[in-house]
Amino acid sequence: MKLLVTGGAGYIGSVVAYQLLAAGHTVEVLDNLSTGHDDGVPAGARLHRLAISEAGQVLDHSFDGVLHFAAKSLVGESVAHPERYWHGNIVETLHLLDAMRQAGVDRIVFSSTAATYGEAKVQNITEEEPAQPTNPYGASKLAIDHMLAAEAAAHSLAAVSLRYFNVAGAAFPDNGQVLAERHDPETHLIPNLLKVAGGEREAAAIFGTDYPTPDGTCIRDYIHVLDLADAHVRALEAAQPGSHEVFNLGTGTGTSVREVIEAVRVVTGHPVPAVEHPRRAGDPAVLVASGEKAAQRLGWHPRRSIKEMVEDARRALR
Ligand code: UDP
């Protein structure tokens, strides 16, 4: 297939673009490099340095589908500046869908998020769990899920929303590229802990130690970016015209912040001093996926452990 990957210079988009190329697809990347890096675009993919809303300049009937990653994705920022998320995620995506319709491109795989669920009431979140986001980031992604469902019903779009849990790790293509998380400022847990283990930062921050969890810290379902990318290749092929399907992508196993700190200690062999801070706004206590639907319908089985995620994230720093 010939595919447009928005956000293909960013962390997850670049790894998926690389996997799609490896699977024999033709890939073009749309990325304005606002947070992505041009050296992150996988070799073999052409880069169009444009905003999502400018996708009409690139899309034509020769494209078979779009994988839509480009987005603003920081929970804290979304609480402080919600308007950035309404514009950057919802409005920009509306323009992308208009451009797809005009060009006759009728297949999309969208990066949704576990943040659409908010505070889940169940241990392992299925796709049937009511979506009640606790922050504007999750709300903006949920709005796009609704847009895709309506677009599928009205215009026969083949649409899939993949709701990611916590993505970690990195990919190392044969050509020596390193496809990894590179955020500035870095807000994510594992990269920040590695900075402490590497001596670049004095102490890690634990955001909240009074959550109703066994050790008081937030529990998340961490998933290796290569396992995640594999689900996209499968979802692209499984998408059906006129249907919008949602899949949760996680391992089904929860890991607390303190347990992640311990994993970083073990992998690096360095101490990771941590300072306890108040809760971060918008963070639910527990987010763990049920991977059952993706296993059954996509034949998808994530294989990589939290240890491999930390090891690969560390290798990417060198
Ligand atoms: N977290 C933390 N210290 C950090 C960064 C994150 O305690 O320096 C916590 C955060 O509150 C959340 C979990 O680690 O419970 C994962 O956060 P991250 O930002 O990596 O991903 P998110 O869940 O926001 O997508």
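Each chain has its residues counted from 1, running along the sequence as written. In keeping with the model being predicted, local features are shown solely for residues with a pLDDT of at least 70 and side-chain atom pairs are shown and tallied solely at 80 or more, while totals for entire chains, interfaces and linings include all residues. Calculated side-chain values reflect all of the structure's heavy atoms, with hydrogen atoms and water omitted.

Caption draft 1: Structural view of the sheet that holds strand E1 (residues 2–6). Read across the open sheet, the 7 strands follow the order E3-E2-E1-E4-E5-E6-E11; overall the sheet is parallel. The open sheet has two edge strands with one neighbour each: strand E3 (46–48) and strand E11 (244–249). When the angles between neighbouring strand axes are averaged without regard to direction, this sheet yields 20°. When DSSP finds at least two bridges between two strands, those strands are taken to pair. What counts as a helix is a DSSP run of H or I of at least four residues, what counts as a strand is a run of E of at least two, and both are numbered from the N terminus. With 4 bridges connecting them, E1 and strand E4 (residues 65–68) associate as parallel partners. Angles shown run from 0 to 180 degrees and are taken between the N-to-C directions of axes, each axis being a line fitted to C-alpha atoms and, for helices, limited to the stretch in contact.

Caption draft 2: The site of the ligand, seen in detail. When we say a residue is near a molecule or strand, we mean one of its heavy atoms is within 4 Å of it. Around the ligand sit 14 residues in total, of which Leu189, Ala205, Phe207, Arg280 and Asp283 are the nearest. Throughout this description, a polar contact denotes any pair of N or O atoms lying within 3.5 Å of each other; where both atoms belong to protein, one of them has to be capable of donating a hydrogen while the other can accept it, and for residues adjacent in sequence the pair is counted only when both atoms sit in side chains. Contact distances for the ligand include 3.2 Å between an oxygen atom and a side-chain N or O atom of Arg220. With respect to the ligand, the side chain of Arg280 contributes an N or O atom lying 2.7 Å from an oxygen atom. Here the Shrake-Rupley method, with its probe set to 1.4 Å, supplies the accessible areas, and only the displayed protein chains count as covering residues. Relative to its unbound accessible surface of 520 Å², the ligand loses 88% to contact with the protein. With 3 residues, the top contributor of residues to the shell around the ligand is strand E8 (residues 204–207). Looking at the shell around the ligand residue by residue, the classes come out as 7 nonpolar, 4 polar and 3 charged. Here the nonpolar group is Ala, Val, Leu, Ile, Met, Phe, Trp, Tyr, Cys and Pro; Asp, Glu, Lys and Arg are the charged ones; every other residue, Gly included, is treated as polar.

Caption draft 3: Focus on the pairing of E4. Relative accessible area decides the class of each residue, using a 1.4 Å probe on protein chains only: under 20% of the type maximum gives buried, over 50% gives exposed, and in between gives partly exposed. Side chains of E4 alternate between two faces, with Gly65 and Leu67 and Val66 and His68 buried alike. Pairing analysis gives 3 bridges linking E4 to strand E5 (residues 107–113), with the strands arranged parallel. Note on E5: the bridge partner recorded for His68 is Phe110.

Caption draft 4: Main features of the environment of His81. Secondary-structure assignment places His81 in the loop between helix H2 (75–80) and helix H3 (82–103). Between the alpha carbons of His81 and His95 there is a distance of 21 Å; along the sequence they are 14 residues apart.

Caption draft 5: Quick look at the pattern of salt bridges. We define a salt bridge as a side-chain nitrogen of Lys or Arg found within 4 Å of a carboxyl oxygen belonging to Asp or Glu. Using the criterion set out here, one finds 16 salt bridges in the structure. Where Arg234 meets Asp230, a salt bridge forms, and the shortest distance between an N and an O atom there is 3.2 Å. Of this pair, Arg234 and Asp230 both sit in helix H6 (residues 225–238), separated by 4 residues, roughly a single helical turn. Judged by relative accessible area, which is 26%, Asp230 ranks as partly exposed. A salt bridge links Glu245 to Lys293, with the nearest nitrogen and oxygen atoms 2.7 Å apart. With Glu245 in strand E11 and Lys293 in helix H8 (residues 292–298), the pair connects residues that are 48 residues apart, well separated along the chain. For Lys293, a relative accessible area of 18% puts it in the buried group.

Caption draft 6: Representation of the pairing of E11 within the structure. Of all 6 residues in E11, 5 are buried, a share of seventy percent or more. When strand E6 (residues 158–164) meets E11, the two strands line up parallel, connected through 6 bridges. By the bridge assignment for E11, Tyr164 is matched with Leu249.

Caption draft 7: Looking closely at the sheet that holds strand E14 (residues 286–287). The strand order across the open sheet formed by 3 strands is E12-E9-E14, and the pairing between neighbours is mixed. The open sheet has two edge strands with one neighbour each: strand E12 (255–256) and E14. Where strand E9 (residues 219–220) lies against E14, 2 bridges are found, and the strand directions are parallel. Among the inter-strand pairings, Arg220 is bridged to a residue of E14, identified as Leu287.

These values are about where atoms sit, not about what they do.
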